[in-house]
Amino acid sequence: MSDRLAVLSQYFLPKQALSTIAGKLAESEAGSLTTRVIRWFVQRYGVDLSEAVDADPISYRSFNEFFTRPLRAGARPLADAAFLCPVDGAISQFGAIEHDQIFQAKGHRYSTVALVGGDRPLAARFENGAFATLYLSPRDYHRIHMPVDGRLTRMIHVPGALFSVNPATARGVPGLFARNERVVCVFEAGFGPFVLILVGATIVGSMATVWHGTVNPPRVREIREWRYDDQQIVLKKGDEMGRFLLGSTVVVLFPKDTLRFNPAWAPARPIRMGEMMATPAERSRRTPEGTGDNSGRT
């Protein structure tokens, strides 16, 4: 099937209904049937179960339990770097935000305002900043970790569409990551704010964070927001911050003059959680406020 036909068909699919059904099936505990589905999935997508705490498919009670499996100790050593890659997967795009525009794919850009759910003051904090869009394929480890120390201040759930987020769809659907359902997690660090955005997709049953649990369902029509200004929710670099129940994409935003990306990074390059994502720009070389000493700076 051509990219164009595959993308066109998504406009007509009942994506919300399919995602709801997939979520319910993925959380069901169906004994030997669950095990057979997991074995098929492992073979179909080449999942490396040797990295998991439990490598035996029969030990997982549900597909969700398998899909969000933890890794064994030492499977993802953390690089001695100021900014770590937060996920396993592949780089979709990364680089500079041009005023408020993020590059999606050839011919497509979208605004930071749209991405964060219409919050212009929040988006303005990333004007001419930096972004990274990281795609998690079905075979990947699906927990999301902190790229740097941060104190949580807000979480925003933005309802939206549920297009696939694979490379073909990114090339074919304008504003894809600002159209799909997403969870915007806002943190403060020593250099200022940064945002981790969990983007939903077709058959993604739900997205969850370690401080809230499952954010969706419910799938609602209105934007929802939680504020944590009066709480000290501080996560360290490398800590788990969330997970996808079925795979998707993470978008990370940083302010202007905060970092320089790893020179080895390039679009479509495979990535692993814990590898070096970036080094600090000169402006960011100061002691963090309220997040510890931010060890690992270069």
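Remember, it's a predicted structure, so these values are computed and weren't measured experimentally.

Observations concerning the pairing of strand S2 (residues 89-96)
At step 1: Bridge count for S2 against strand S17 (residues 270-271) is two bridges, and the pairing is antiparallel. The partner of Gly89 across the bridge, within S17, is Ile271.
At step 2: Pairing between S2 and strand S5 (residues 130-135): six bridges, direction antiparallel. When the sheet's bridge partners are listed, Ile91 is paired in S5 with Leu134.

A short note on the nonpolar core
At step 1: Membership of the largest hydrophobic core comes to 39 residues, with the highest contact counts inside it found for Phe83, Phe187, Phe194, Trp211, Met241 and Trp265.
At step 2: Listed by contribution, the elements that provide at least two residues to this core are S5, strand S7 (150-158), strand S8 (182-189), strand S9 (192-199), strand S14 (240-245), strand S15 (249-254), strand S16 (259-261) and strand S18 (276-280).
At step 3: Looking at this core element by element, the count peaks at four residues for S8.
At step 4: Setting aside residues up to four positions removed in sequence, Trp265 forms contacts with Cys85, Ile91, Phe94, Ala132, Leu134, Ile271, Glu275, Met276 and Met277.
At step 5: Within the second largest apolar cluster, 27 residues are counted, among which are Val113, Val165, Phe177 and Val251.

Describing the pattern of salt bridges
At step 1: Scanning the model with the defined rule gives 14 salt bridges in all.
At step 2: Residues Glu51 and Arg272 are paired through a salt bridge, measuring 3.4 Å at the closest nitrogen-oxygen approach. Taken as a pair, Glu51 in the loop between helix H3 (32-45) and helix H4 (63-67) and Arg272 in the loop between S17 and S18 lie far apart in primary sequence, 221 residues in all.
At step 3: On the accessibility criterion, Glu51 (14% relative accessible area) is buried.
At step 4: We note a salt bridge from Arg109 to Glu98, for which the minimum N-O separation is 3.9 Å. Residue Arg109 is located in strand S4 (residues 108-111), and its partner Glu98 is located in the loop between S2 and strand S3 (101-105); the two are separated by eleven residues in the primary sequence.
At step 5: Glu98 gets classed as partly exposed once you look at its relative accessible area, which sits at 47%.
At step 6: Each of the salt bridges in this network shares a partner with another, and the network as a whole consists of Asp119, Arg154, Glu225, Arg227 and Asp229.

Quick look at the confidence of the model for the chain
Parts of the model with low pLDDT should not have their predicted coordinates read in detail.
At step 1: Mean pLDDT over the chain stands at 86; residues scoring 70 or higher make up 82%.
At step 2: Here residues 286-298 scores under 50 on pLDDT; set against residues more than four positions off or in separate chains, the count is 31 contacts.

Considering the environment of Asn166
At step 1: Looking at the element boundaries, Asn166 is found in the loop between S7 and helix H7 (167-172).
At step 2: Taking the C-alpha atoms as reference points, Asn166 and Tyr135, separated by 31 residues in sequence, lie 7.4 Å from one another.

Regarding the sheet that holds S16
At step 1: The antiparallel open sheet is built from three strands, whose spatial order is S1-S18-S16. The open sheet terminates on both sides in strands that have one partner only, identified here as strand S1 (83-84) and S16.
At step 2: Pairing of S16 with S18, which is carried by three bridges, proceeds in the antiparallel orientation. The residue of S18 that forms the bridge with Leu259 is Pro280.

Side note on the layout of surface pockets
At step 1: The space that makes up the second largest pocket amounts to roughly 270 Å³.
At step 2: Taken together, 19 residues form the lining of the second largest pocket, with Arg76, Asp88, Arg139, Asp140 and Tyr141 sitting closest to its centre.
At step 3: Elements that contribute at least two residues to the lining of the second largest pocket include exactly S2 and S17.
At step 4: Across the lining of the second largest pocket, the residue classes break down as eight nonpolar, three polar and eight charged.
At step 5: Structurally, the lining of the second largest pocket is a two-domain feature, drawing no fewer than three residues from each of domain 1 (1-68) and domain 2 (83-279).

Observations regarding H3
Note that an α-helix has 3.6 residues per turn; residues three or four places apart therefore point the same way.
At step 1: The terminal C-alpha atoms of H3, which comprises 14 residues, lie 20 Å apart, in line with the 20 Å expected from a rise of 1.5 Å per residue.
At step 2: Along H3, the residues that are buried comprise Thr34, Thr35, Ile38, Phe41 and Val42. For H3, the angular spread of buried residues about the axis comes to 125°, placing them on one side. Seen from the buried face of H3, the exposed residues on the opposite side, beyond 90 degrees, are Arg36, Trp40, Gln43 and Arg44.
At step 3: Positive backbone phi, at 70°, marks Gly46, one or two positions downstream of H3.

With respect to the pairing of S18
At step 1: Here S1 pairs with S18 via two bridges, running antiparallel. Among the inter-strand pairings, Phe83 is bridged to a residue of S18, identified as Ala278.

Rules of the game
- Residues numbered from 1 in each chain as written.
- Predicted model: local features only at pLDDT ≥ 70, side-chain atom pairs only at ≥ 80, totals over all residues.
- Heavy atoms only, no water.
- Pairing = 2+ DSSP bridges.
- Helix = DSSP H or I, 4+ residues; strand = E, 2+ residues; numbered from the N terminus.
- Core = buried A, V, L, I, M, F, W, Y, C linked by side-chain atoms within 4.5 Å.
- Buried < 20%, exposed > 50% of the residue type's maximum accessible area, 1.4 Å probe, protein only.
- Contact = heavy atoms within 4.5 Å.
- Salt bridge = Lys/Arg side-chain N within 4 Å of Asp/Glu carboxyl O.
- pLDDT = per-residue confidence, 0-100.
- 1 Å grid on protein atoms, 1.4 Å probe; cavity = no way out; pocket = protein on both sides within 12 Å on 5 of 7 lines; lining within 4 Å.
- Points joined across faces, edges and corners; volume = space filled by probe spheres on them.
- Nonpolar A, V, L, I, M, F, W, Y, C, P; charged D, E, K, R; others polar.
- Domains from an automatic or database assignment.
- Expected span 1.5 Å × (residues − 1).
- Arc of directions from axis to C-beta.

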